[in-house]
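Secondary and tertiary structure notes
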Amino acid sequence: MNKQIKVAVVGATGAVGEAMLAILAERNFPVGELVALASERSAGQKLKFGGRDVVVQDLATFDPAGVDIALFSAGGSISKEYAPKFAAAGAVVIDNSSAFRYEPDVPLVVSEVNPEQVRNRPRGIIANPNCSTMQMLVALAPIHRKAGITRINVATYQSVSGAGRSALEELGRQTAGILNFQDPDPQRFPVQIAFNLIPHIDDFQDNGYTREEMKLVWETRKILGDDAIQVNPTAVRVPVFYGHSEAVNVETREKISAAEVRALLQRAPGVEVVDEPKAGGYPTPVTHASGRDPVYVGRIRDDYSHPRAINLWIVSDNIRKGAALNAVQIAELVLQER
């Protein structure tokens, strides 16, 4: 393996960018040179990488020549403008935004589900899926391979970190304020998020679903390579700082029992089963997922109302596995080609 990989992290000062830097170091990714990139206003900041300081550079003036792998997490508009430039300069771009996910000549990859797709990148760009789709499919792909999933009913309970640093700050500020009898004054969200639930993530579409909900439909079909799978999603923002949760019901072509699903998932890469019918015998975003890599699955049970359906509860850290970790895992898959 080439030990002198030049890696660029675009959006390095954001929550996902910082996680990418930490995970590259934790997994001993063979970085010969690390370039941290962000907007002009962040240029000059110092970030930690592997025990040393890295100075943030201005993306707009950076020359991408010589970059081997570029990890993008700076939003769709930035990706659309700069990812093709990095790819044209010879870098493999791994993009965390939705800019390229639905384009037919850009693979959409979950490292445990369809790793072979990293080689199918004619434009030099690989897309990272949405965090809620990613954790769901890490758990559901083994079931689909075994019994064939025909329909997915899913309600997501998504932490505020999925909406960025300003959303984390708003939850903290509102929580403290309400406990001190102050007006919550929503700014980042349309209504109060502290001590509340908001059944609205991203823009509403003509069909009444939000774009976040439709991502689960589009991305599930593309990643599993099956346009016949029906997905019925509801996405909810919850007052949790880190970690998305999902209540999932899957209908399958062939009968598969909860015991069989449990056994499948105990062997599945990237999955940790926490499934005991007792108090605390299930995963939660705070006690299990936050700051950790696995996708946790519990509450596995037969759907007593349907002859071929299973219920699951799926929890994962949306910043780590839902964004940064999968991007680094994709980069590791790219390096295996060398």
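See the structure above.
Conventions adopted
Residues numbered from 1 in each chain as written. Predicted model: local features only at pLDDT ≥ 70, side-chain atom pairs only at ≥ 80, totals over all residues. Heavy atoms only, no water. Helix = DSSP H or I, 4+ residues; strand = E, 2+ residues; numbered from the N terminus. Expected span 1.5 Å × (residues − 1). Bend = angle between axes of the 7 residues up to and from the residue. Buried < 20%, exposed > 50% of the residue type's maximum accessible area, 1.4 Å probe, protein only. Contact = heavy atoms within 4.5 Å. Pairing = 2+ DSSP bridges. 1 Å grid on protein atoms, 1.4 Å probe; cavity = no way out; pocket = protein on both sides within 12 Å on 5 of 7 lines; lining within 4 Å. Points joined across faces, edges and corners; volume = space filled by probe spheres on them. Nonpolar A, V, L, I, M, F, W, Y, C, P; charged D, E, K, R; others polar. Axes fitted to C-alpha atoms, helices over the stretch in contact; angles between N-to-C directions. Parallel < 35°, antiparallel > 145°, perpendicular 65-115°, else oblique. Left-handed = near helix turned anticlockwise from the far one by under 90°. Salt bridge = Lys/Arg side-chain N within 4 Å of Asp/Glu carboxyl O.

Details of helix α2 (residues 76-88)
- For α2, which comprises 13 residues, the first-to-last C-alpha distance of 18 Å matches the rise-based estimate of 18 Å (1.5 Å per residue) to within 8%.
- Most pronounced at tyrosine 82, the bend in α2 amounts to some 35 degrees, and the proline proline 84 follows within four residues.
- Within the sequence span of α2, burial applies to Ser79, Tyr82, Ala83, Phe86 and Ala87.
- If you follow the buried residues of α2, they end up packed against β1 (5-10), β2 (31-38), β6 (69-72), β7 (92-95) and β8 (125-127).
- The first or second residue beyond α2 is glycine 90, which carries a positive phi of 110 degrees.

Focus on the sheet that holds β6
- Taken in spatial order, the 6 strands of this open sheet run β5-β2-β1-β6-β7-β8, and their pairing is parallel. Both outer strands of the open sheet, β5 (57-58) and β8, are each paired with one neighbouring strand and no more.
- Sheet topology places β1 next to β6; 4 bridges connect them, and they run parallel. If you follow valine 10 over to β6, its bridge partner there is phenylalanine 72.

Describing the layout of surface pockets
- As a volume, the largest pocket reaches approximately 1200 Å³.
- Along the walls of the largest pocket sit 48 residues, with Ala74, Gly75, Gly162, Ala163 and Gly164 positioned nearest its centre.
- Among the secondary structure elements, those contributing two or more residues to the lining of the largest pocket are α1 (15-26), α2, α5 (211-224) and α8 (320-335).
- At 3 residues, α2 tops the list of elements feeding residues into the lining of the largest pocket.
- For the lining of the largest pocket, the per-class residue count stands at 17 nonpolar, 20 polar and 11 charged.

Structural notes on the sheet that holds strand β14 (residues 309-316)
- Spatial strand order, β10-β9-β11-β14-β13-β12: 6 strands in an open sheet with mixed pairing. Strand pairing shows two members of the sheet lacking a second neighbour, β10 (230-237) and β12 (271-273), which therefore form its edges. Looking at each pair of strands side by side, their axes are set apart by 20 degrees on average, direction ignored.
- With respect to the sheet, helix α3 (residues 131-147) is in contact with β9 (149-158), β11 (244-252), β12, β13 (295-302) and β14, its orientation differing from that of β11 by roughly 25 degrees.
- Set on the sheet, helix α6 (residues 258-267) makes contact with β12, β13 and β14; between it and β13 the angle comes to about 165 degrees.

Observations regarding the packing of α1 against α8
- Taken N-terminus to C-terminus, the directions of α1 and α8 make an angle of 50 degrees; their axes are 9 Å apart at the nearest point. Accordingly, the angle class assigned to the pair α1 and α8 is oblique. Note that α1 runs across α8; the crossing there is right-handed. Contact residues: Val16, Ala19, Met20, Ile23, Leu24 and Glu26 in α1; Arg320, Ala323, Ala324, Leu325, Ala327 and Val328 in α8.
- Across the contact of α1 with α8, the residue classes break down as 10 nonpolar, no polar and 2 charged.

Remarks on the pattern of salt bridges
- A complete count under the given rule lists 17 salt bridges for this structure.
- Measuring nitrogen to oxygen at the nearest pair gives 3.2 Å for the salt bridge that ties arginine 101 to glutamate 219. With arginine 101 in the loop between β7 and β8 and glutamate 219 in helix α5, this pair connects stretches of sequence that are 118 residues apart.
- Look at the salt bridges and you will find they share partners, linking Glu26, Asp293 and Arg320 into a network.

Fair warning: the whole summary comes from geometry, so function is off the table for now.
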